[in-house]
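Report on the structure
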Amino acid sequence: MKWRASITACISCIFLAIPNNIFSCADVEDAYSSFISFFNKYAAETPVYAPFYFADLQFLRDEEEWPSTAEALVKEWSVFTKEQATQKDANAFVMKFSRKDLVSLYDHLENGKSLAVPDSVKNNGMTRFFLEHKDLEALGYLMYAKQVEPYVTREYNSWDATPRDSIKMNGLLKNGLQLYRAAKSPVFRLKYGYQVVRLAHYNHQYADAVRYYDELVSGNPTPGVLQLMSLGLKAGALYQLDRKPEAAYIFSQAFNATNIKKIANFNSFGWAVPRDERFQKEYLPLCKNDQEKAGMLALYSLGNDDPDVPVLEEIHQLNPGMDIMPTLVVREINKIEMAFLHGFGMSLPPAKQNGIFATSGALSAEETATLNAFVKTLEALSVNKKNGEQALYPIGAAYISCMLKDYRNANRFLTAAKKMKRSPRLEDQWMLTNLLVAINESTRMDAVAEQKILPSLQWLWKKANGEQRRSESDPEQDQWISFFKNVMVEVLAARYAAQGDINRMALAYGAADKTNWVYPTAINYVRDSFSIPQATALYGFLTGKRFSSFESFILGINTLDRQDVADYIGTAYLRVYDYNKAIDWLSKEDNTVIEKDPFKELLYDREERLAGDAVTTTKLAYAKKMKSLLAKQDDPDALYQLGLGYYNITYYGYAWELATYFRSGSDGYVIPQQASAFEKDYYGCFKAKSYFEKALSRATNAEMKAKCLFMMARCSQKELRKPQYEDFNYNYDLYDQKVKAYYKAFKKNPLFIQYQKDYGGTRFYKETLTRCSYLRDFVNKK
């Protein structure tokens, strides 16, 4: 089935009628998760399956086996000593002590030789066990196993494969067969059989590995870790012999029978199984009963990233109560989220929509039928008491019902789950699902609806960012931070946008910012999207004196404050050169100091602060000085200062921070299509050029005239559009040709001709000739 990319994408996108500016900070998208989610991956309470919880950005959520093979083997050795050796001592003896020390102990026990071993070996609990019980069979096996280990252990951290000495491995294999036949106990016949199978497997003797398993291991009744590890080696050998259905069948049996090597069995099963009809025809028929078939289907489902509700239903029918079922259910919900709610956050500005779920016409009839079938499956799971985590299923059904806009059923399922025993994680998921239902079933987010969801929203904030916030990274905690962000941005902000309430929409973004979300920050959203009247209304709201309890809560956890809004409004008035209103707004709140001189005369473009520049300013001080200069229209010095003031707030100017919040290093020399009046000046320097031209017309001094004409020439260079790669359909040869022609025209500035002709004898001209490379190129005819 081909699923739609997202509910969000299917929504009718009627954008808010607000301007879109380009001068705020360019933040980076939150990369924690690539899909919108509201369902806890850990809600299944099945830690053994944690590596297989749904993750779309990586193959497995965790690649470390738990419990480890070594840990399981060491535990068996500790039990073998009747716990005379602790697991810590057994681990040291079995995994770390050298074969040389074990040989010394063996010679001591068998021949009475002195025990020449370090104190760490002598004082080990397992050493004391051997000294007391003199079990030479067990000690002899460990000595043999240490001989085998270097040839059958993979070096995962090395680029080069572990070297295999085939001749030595064959010798060890023959020795192992002899020791197997000499073993007195089924326990050690199992251990030697495992080592023989392992040696054959890693020596690429795959047919022999299968035969040795069948002859030496399969009939051994001894329980233990090595039984299924030997079986896994046989499966791997069958895979290498291209008997993949048999291999997959064994891997599925091993996966479902033990927690040891679960990841390895999962991976191996995935390599052996095709994702087509052959699975049904060639693989499933190998299963001997419904339980085995359900187990193979469960493992197949773990490797499928697409929604597949019928498989879940089939597993439930074949073997109700499988311990993996909670994991499969949560995975299925997460997969549906990725298929239906996929996106990297709301685009700017947000579409007019009724929340991320409450969207008419978003689902096809086929998709709706599939989700309804999933709800029925979850309902069936919830009434079967064999299934663990019973409350999970009605909570999941409520969540899917919310996607379907079936709020009556969603509330019915939540009520049913409320009567069941719930783990703390499921209680949290119940709370989150209840909040989503409450938001989406409200036809409008008015004061009544806000008051209704306030307690749940306060709970979610505390869950995401309150006392439970950890100092170190915690994937589950990070997930709750993401849940809070998604509720605020993808649900509440979207609802407010649909209602035309852009103040609350911006505040929803501001609340999301508090969780350290990075895009779009609320103030940058305002700077990019709010007109001056809209920002003025927002400032009026923020400076109000009476707030509802909901408003007080949102304001209390917000990054959006009135000072930033006032600064934006004042800056917006600077952009339209309305200095009276700019002064009025910039006077309302504290001004940020800008460590640059906006009237500095530079003979070349520079954006970073000059070393030794001790002049600072504020937007308010800049506005006041520009206003005073405008009152002196007959003064060439004042006009020249105005030209500098206008030029220095352009893209190329020294004090660009006065009018913009972010400057990209890749823009410039191109005026955007449909540019606003400020954008034209920002990239084209027209305003600055006009004032340098006015100053030139009134100047009487040759040095002053030279300055004015040189600055006009600098401005005129910005009017020449630089070719863009995309202009030529990404034809590099044509693009390169046009760029070369552009630079030739750029250096051949018509105003340089007049500048050289009329003012070539001035001191200023001689200084610019040493500072401006374009002028030098022009003069030198380069």
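Keep in mind that what you see is a predicted model, and the values were worked out from it rather than measured.

The secondary structure content of the chain amounts to 38 helices and zero strands. By residue count, 55% of the 782 residues in the chain fall in the buried class. Of the contacts formed within the chain by residues at least 6 apart in sequence, a portion of 70% connects residues at least 24 apart. Total accessible area on the chain is roughly 35,700 Å²; 50% of this is exposed by carbon and sulfur atoms.

Moving on, we come to the pattern of salt bridges. Overall, the coordinates contain 33 salt bridges when judged by the stated rule. Put simply, D736 and K740 hold a salt bridge, and the shortest N to O gap is 3.2 Å. On the criterion of helical spacing, the pair formed by D736 and K740 is a turn pair, its members being four residues apart in helix α35 (residues 732-747). Assessed through its relative accessible area of 23%, D736 is described here as partly exposed.

Moving on, we come to the nonpolar core. The nonpolar side chains of soluble globular proteins are, as a tendency, buried together. Residues F130, I400 and F530 are the most contacted members of the largest nonpolar core, which totals 250 residues. If one sorts the elements of this core by residue count, helix α23 (residues 475-499) sits on top with twelve residues.

On to helix α25 (residues 522-529). Counting buried positions along α25 yields eight of eight residues, so the element is predominantly enclosed. Looking only at α25, the buried set comprises A522, I523, N524, Y525, V526, R527, D528 and S529. Where α25 is buried, its residues meet α24 (502-513), α26 (532-542) and α28 (562-575).

Another point: the packing of aromatic side chains. Under the criterion given, the structure shown has 48 aromatic pairs. For the ring pair Y742 and F746, a centre distance of 5.6 Å and an interplane angle of 40° mean the geometry is tilted. On the criterion of helical spacing, the pair formed by Y742 and F746 is a turn pair, its members being four residues apart in helix α35. Residue class for Y742 comes out buried when judged on its relative accessible area of 6%. Between R211 and the ring centre of Y212, over which it is positioned, the NZ or CZ distance is 4.6 Å.

With that out of the way, let us pick up unusual backbone geometry. Even without glycine at this site, Y577 takes up a positive phi of about 65°. Summarising the element assignment, Y577 is placed in the loop between α28 and α29 (579-586). Even without glycine at this site, Q674 takes up a positive phi of about 55°. By the secondary structure assignment, Q674 is in the loop between α31 (636-647) and α32 (677-684).

Moving on, we get to the packing of α28 against α29. Running from N to C, α28 and α29 point in directions that differ by 165°, and their axes come no closer than 8 Å. In terms of axis orientation, α28 runs roughly antiparallel to α29. Judged by the sense of rotation from one axis to the other, the crossing of α28 with α29 is left-handed. Taken together, the residues of α29 that come into contact with α28 (itself represented by A566, D567, I569, G570, T571, Y573 and L574) are Y579, K581, A582, W585 and L586. When grouped by side-chain class, the residues that make up the contact of α28 with α29 number eight nonpolar, two polar and two charged.

By secondary structure assignment, the location of S456 is in helix α22 (residues 447-465). Setting aside residues up to four positions removed in sequence, S456 forms contacts with N434 and L435.

Glancing now at the environment of A713. One can find A713 in helix α34 (residues 702-719). Residues in contact with A713, not counting those within four places in the same chain, are N749, L751 and F752.

We now examine the packing of helix α30 (residues 619-630) against α31. Taken N-terminus to C-terminus, the directions of α30 and α31 make an angle of 145°; their axes are 9 Å apart at the nearest point. The crossing of α30 and α31 is left-handed. Between α30 and α31, the residues in contact are Y622, K625, M626, L629 and L630 and A638, Q641, L642, G645 and Y646, respectively. For the contact of α30 with α31, the class distribution of residues is seven nonpolar, two polar and one charged.

Glancing now at a nonpolar patch on the surface. Judged by side-chain polarity, Y725, Y730 and Y732 come together as a nonpolar surface patch covering roughly 350 Å² of accessible area. Topologically, Y732 is positioned in helix α35. Given a relative accessible area of 47%, Y732 falls into the partly exposed group.

The next subject is α22. For α22, the principal kink sits at L454 and spans about 45°; a proline, P455, occurs within the next four residues. All of the buried residues in α22 are A449, E450, I453, L454, S456, L457, W459, L460, W461, K463, A464 and N465. Taken together, the buried residues of α22 touch α21 (424-441), α23, α24 and α27 (549-556). Sitting at the amino-terminal end of α22 is D446, which places a side-chain oxygen 3.2 Å from the backbone nitrogen of V448.

Moving on to the confidence of the model for the chain. Overall, the predicted model of the chain reaches an average pLDDT of 89, with 89% of residues at or above 70. Every residue in residues 155-160 is under pLDDT 50, and counting partners more than four places away or in other chains gives one contact. Within the model, pLDDT remains below 50 along residues 343-354, and this stretch shows 47 contacts once partners closer than five positions in the same chain are excluded.

Conventions used here
Residues numbered from 1 in each chain as written. Predicted model: local features only at pLDDT ≥ 70, side-chain atom pairs only at ≥ 80, totals over all residues. Heavy atoms only, no water. Helix = DSSP H or I, 4+ residues; strand = E, 2+ residues; numbered from the N terminus. Buried < 20%, exposed > 50% of the residue type's maximum accessible area, 1.4 Å probe, protein only. Contact = heavy atoms within 4.5 Å. Areas by Shrake-Rupley, 256 points an atom, 1.4 Å probe, with all protein chains shown as cover. Salt bridge = Lys/Arg side-chain N within 4 Å of Asp/Glu carboxyl O. Core = buried A, V, L, I, M, F, W, Y, C linked by side-chain atoms within 4.5 Å. Phe/Tyr/Trp six-rings, centres within 6.5 Å; stacked < 30°, edge-to-face > 60°. Lys NZ or Arg CZ within 6 Å of the ring centre and 35° of its normal. Axes fitted to C-alpha atoms, helices over the stretch in contact; angles between N-to-C directions. Parallel < 35°, antiparallel > 145°, perpendicular 65-115°, else oblique. Left-handed = near helix turned anticlockwise from the far one by under 90°. Nonpolar A, V, L, I, M, F, W, Y, C, P; charged D, E, K, R; others polar. Patch = residues over 30% accessible without salt bridge, like charges linked within 9 Å, V, L, I, M, F, W, Y side chains within 5 Å. Bend = angle between axes of the 7 residues up to and from the residue. Polar contact = N/O pair within 3.5 Å; in protein donor to acceptor, adjacent residues only side chain to side chain. pLDDT = per-residue confidence, 0-100.

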